[in-house]
Amino acid sequence: VLIAACAALKIDNDPALLDQAIPSVSNGAEPIAPSIKEVELAKESAERTDISEEINPIAPSKKPTATSIKEVELPIHIPVVFDLAGFLQYAAPKKPTDIALTSAIGLVILSFLGANLFIVIHREYLPLKGRLVDITVASTVAGSIWMASSLVVNGHVGVPTGSETLCDVAIFWGDLVFGFVLWLVLLNYRMVRLYMVFVQERTAPVNLLPKIVQVAGALLPAMIFSIIATSSKGSTLVGSTCKAHDVWKYTGLGLASAYMLSFLVFAFLLRHIPDSFNEYRATTATGLVSMVVFTLMTAAEYTPFDSNEWGRSAFTLLMLLVVSLYFWVPLLPVIYNCVTNHDGYEAEYMSIVKQNWMQMSPSLERKQLTVGDYSNFV
């Protein structure tokens, strides 16, 4: 019985239990064997201790002292995932030309925000409605993304080592998909609308799908290309400037050329329409210049012209002028007259639009249209 009790209580590991179970015999007394009940109670206590240790093996069996807590405390280090302050300090433009272009693009984007707010508030004003308010706002968003991405692509802001993913986003998504291609798709949308009104002689607008679905469908090929290029790490970081690999650069340029070709086709088909308020010539000129800028900027990578500070700045400046002039040259007179000559300018606008339509197609159906009917087209 004594041997069984010693095994159950793990006496060999706990001298205190050994003294309790086997009284000292130094005084010559005979050892007293524990009773069966004491052995069973000892077994239950040992089992509870084992279960507690299994549930929480690092928990001490006794209440830890202040000294033991201090001994087991470990310093906690929270890893820094992204140093925003350091990134901004590295990315900040350093050269005078880079600072000037970055500041100019920031001011242009802010002016777009203010003008878009005015357009949305007065969106039922027919000369503004004729610009397609939603397409105008989307065009400024695309132009802003294109300009902001050019700061990275053309090396006006630095990209720290280890931020190669930012290069893929800036080149394939900012500069290509949601920059130049979206900008050109929205210009194409205007050209298609003019084609339906003046060439096909529609007497009512036809919208088979919502505008956002049509624009997203037109962007789909470019988005698929950018997904593949991004997953394949299609760009690299040369110093602190992002560069696309040749195979992805020229493939992307070929894809963009398909969008350019569609724009040129509609520009040719619409070459004879009158141009009082429909902005055909402004849209065509803007599209042509933007295509030239994008093509030169893409093809000039890894060339001495691109590595030169003034060469890169010239590309960015041309893009800034194209985007801002296309927005402000037609829109500024409309905003001014909306404030100073609201009703008179609107009446003049609708009179000239109707006159242009009669010149293109003097049909009976067109003559019977009212000003309200014309407003559905503009």
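Conventions used here
- Residues numbered from 1 in each chain as written.
- Predicted model: local features only at pLDDT ≥ 70, side-chain atom pairs only at ≥ 80, totals over all residues.
- Heavy atoms only, no water.
- Helix = DSSP H or I, 4+ residues; strand = E, 2+ residues; numbered from the N terminus.
- Buried < 20%, exposed > 50% of the residue type's maximum accessible area, 1.4 Å probe, protein only.
- Contact = heavy atoms within 4.5 Å.
- Areas by Shrake-Rupley, 256 points an atom, 1.4 Å probe, with all protein chains shown as cover.
- Axes fitted to C-alpha atoms, helices over the stretch in contact; angles between N-to-C directions.
- Parallel < 35°, antiparallel > 145°, perpendicular 65-115°, else oblique.
- Patch = residues over 30% accessible without salt bridge, like charges linked within 9 Å, V, L, I, M, F, W, Y side chains within 5 Å.
- Salt bridge = Lys/Arg side-chain N within 4 Å of Asp/Glu carboxyl O.
- Pairing = 2+ DSSP bridges.
- Expected span 1.5 Å × (residues − 1).
- Left-handed = near helix turned anticlockwise from the far one by under 90°.
- Nonpolar A, V, L, I, M, F, W, Y, C, P; charged D, E, K, R; others polar.
- Phe/Tyr/Trp six-rings, centres within 6.5 Å; stacked < 30°, edge-to-face > 60°.

A.B. asks: Sorry if this is basic, but what is going on with the overall build of the protein here?
C.D. replies: In terms of helices and strands, the protein carries 17 helices and two strands. Per-residue burial for the protein yields a buried fraction of 40% across its 378 residues. Intrachain contacts of the protein at a sequence separation of at least 6 include 80% that bridge at least 24 residues. Carbon and sulfur atoms make up 67% of the accessible area of the protein, which amounts to about 21100 Å² in all.

A.B. asks: Explanation requested: the environment of Leu187 in the structure shown.
C.D. replies: Within the fold, Leu187 resides in helix α9 (residues 164–199). When its relative accessible area of 0% is taken as the criterion, Leu187 is described as buried. On a C-alpha basis, the gap between Leu187 and Ser139 in space is 8.2 Å, while along the polypeptide they are 48 residues apart. Residue contacts for Leu187: discarding those within four places in its chain leaves Phe263, Thr283, Thr286, Gly287 and Tyr326.

A.B. asks: Explain the packing of helix α10 (residues 211–231) against helix α11 (residues 246–269) here, please?
C.D. replies: When two helices pack together, their arrangement is given by the angle between the helix axes and by the axis-to-axis distance. Between α10 and α11, whose axes approach to 11 Å, the crossing angle comes to 175°. Judged by the inter-axis angle, α10 sits roughly antiparallel to α11. Residues Ala218, Leu219, Pro221, Ala222, Phe225, Ile228 and Ala229 of α10 pack against Trp248, Thr251, Gly252, Leu255 and Tyr259 of α11.

A.B. asks: Please explain a nonpolar patch on the surface as it appears in this structure.
C.D. replies: The grouping of Leu317, Leu318, Leu321, Leu325 and Val329 at the surface amounts to a nonpolar patch, some 440 Å² of accessible area in total. With respect to the helices, strands and loops of the structure, Leu317 is situated in helix α14 (residues 309–340). A relative accessible area of 40% places Leu317 in the partly exposed class.

A.B. asks: Got a minute to help me understand the side chain of Ser313 in this structure?
C.D. replies: Within the secondary structure, Ser313 sits in helix α14. With sequence-adjacent residues up to four places away left out, Ser313 is seen in contact with Thr97, Leu101 and His156.

A.B. asks: For this particular structure, what's the right way to read the pairing of strand β1 (residues 235–238)?
C.D. replies: Within a regular strand, the side chains alternate between the two sheet faces. By the alternation rule, side chains of β1 split into Ser235 and Leu237, which are all buried, and Thr236 and Val238, of which none is buried. For β1 and strand β2 (residues 241–244), the ladder comprises four bridges, and the chain directions are antiparallel. By the bridge assignment for β2, Ser235 is matched with Ala244. The antiparallel hairpin formed by β1 and β2 contains two residues in its connecting segment, where Gly239 sits at a positive phi of about 70°.

A.B. asks: Just checking my understanding: could you explain helix α12 (residues 280–299) for this structure?
C.D. replies: Helical periodicity: at 3.6 residues per turn, an α-helix aligns residues three or four positions apart in one direction. The end-to-end C-alpha distance of α12 is 29 Å, a good match for the 28 Å that 20 residues give at a rise of 1.5 Å each. Of the residues making up α12, those classed as buried are Tyr280, Thr283, Thr284, Thr286, Gly287, Ser290, Met291, Val293, Phe294, Met297 and Thr298. The inward-facing, buried residues of α12 contact α8 (133–153), α9, α11 and α14.

A.B. asks: What is the right way to read the pattern of salt bridges from this model?
C.D. replies: Close approach of charged atoms allows side chains of opposite charge to pair. Per the counting criterion, the structure on display carries two salt bridges. One salt bridge connects Lys211 with Asp134, and the closest N-O pair in it is separated by 3.1 Å. Of this pair, Lys211 sits in helix α10 while Asp134 sits in helix α8, placing them 77 residues apart in sequence. Between Asp246 and Lys249 there is a salt bridge; the shortest N-O distance is 3.6 Å. Residue Asp246 and its partner Lys249 are located together in helix α11, separated by three residues, close to a single helical turn. The partly exposed category is assigned to Asp246, whose relative accessible area is 43%.

A.B. asks: Just to check I follow, could you spell out the side chain of Thr286 for this structure?
C.D. replies: In this fold, Thr286 is placed in helix α12. A residue is classified by how much of its surface remains accessible, and Thr286, at 10% relative accessible area, is buried. Not counting chain neighbours up to four residues away, the residues in contact with Thr286 comprise Trp183, Leu187, Val322 and Tyr326.

A.B. asks: Sorry if this is basic, but what is going on with the packing of α11 against α12 here?
C.D. replies: One way to put it is that α11 packs onto α12 with a least axis distance of 11 Å and a crossing angle of 165°. Compared by their axis directions, α11 and α12 come out roughly antiparallel. Seen from above, α11 lies across α12 with left-handed handedness. Listed contacts from α12 to Lys249, Leu253, Ala256, Met260, Phe263, Leu264 and Ala267 of α11 are Tyr280, Thr283, Thr284, Gly287, Leu288, Met291, Phe294, Thr295 and Thr298. Per-class residue counts for the contact of α11 with α12 are ten nonpolar, five polar and one charged.

A.B. asks: Hey, could you run me through the packing of aromatic side chains in this one?
C.D. replies: The description of an aromatic ring pair uses the distance of the two centres, along with the angle that the planes make with each other. For the structure shown, the criterion picks out ten aromatic pairs. Measuring from ring centre to ring centre gives 6.1 Å for Phe172 and Phe225, while their planes differ by 75°; the resulting arrangement is edge-to-face. Of the two residues, Phe172 is situated in helix α9 and Phe225 in helix α10; the sequence distance between them amounts to 53 residues. Summarising the burial analysis for this pair, Phe172 and Phe225 share the class buried. Measuring from centroid to centroid gives 5.8 Å for Tyr195 and Phe266, while their planes differ by 75°, and the two rings are edge-to-face.

A.B. asks: Explain helix α6 (residues 96–121) here, please?
C.D. replies: When the terminal C-alpha atoms of α6 are compared, their 38 Å separation across 26 residues agrees well with the 38 Å that a helix rising 1.5 Å per residue should span. Of all the residues in α6, the buried ones are Thr97, Asp98, Leu101, Ile105, Val108, Phe112, Ala115, Asn116, Phe118 and Ile119. Packed against the buried residues of α6 are α7 (126–129), α8 and α14.

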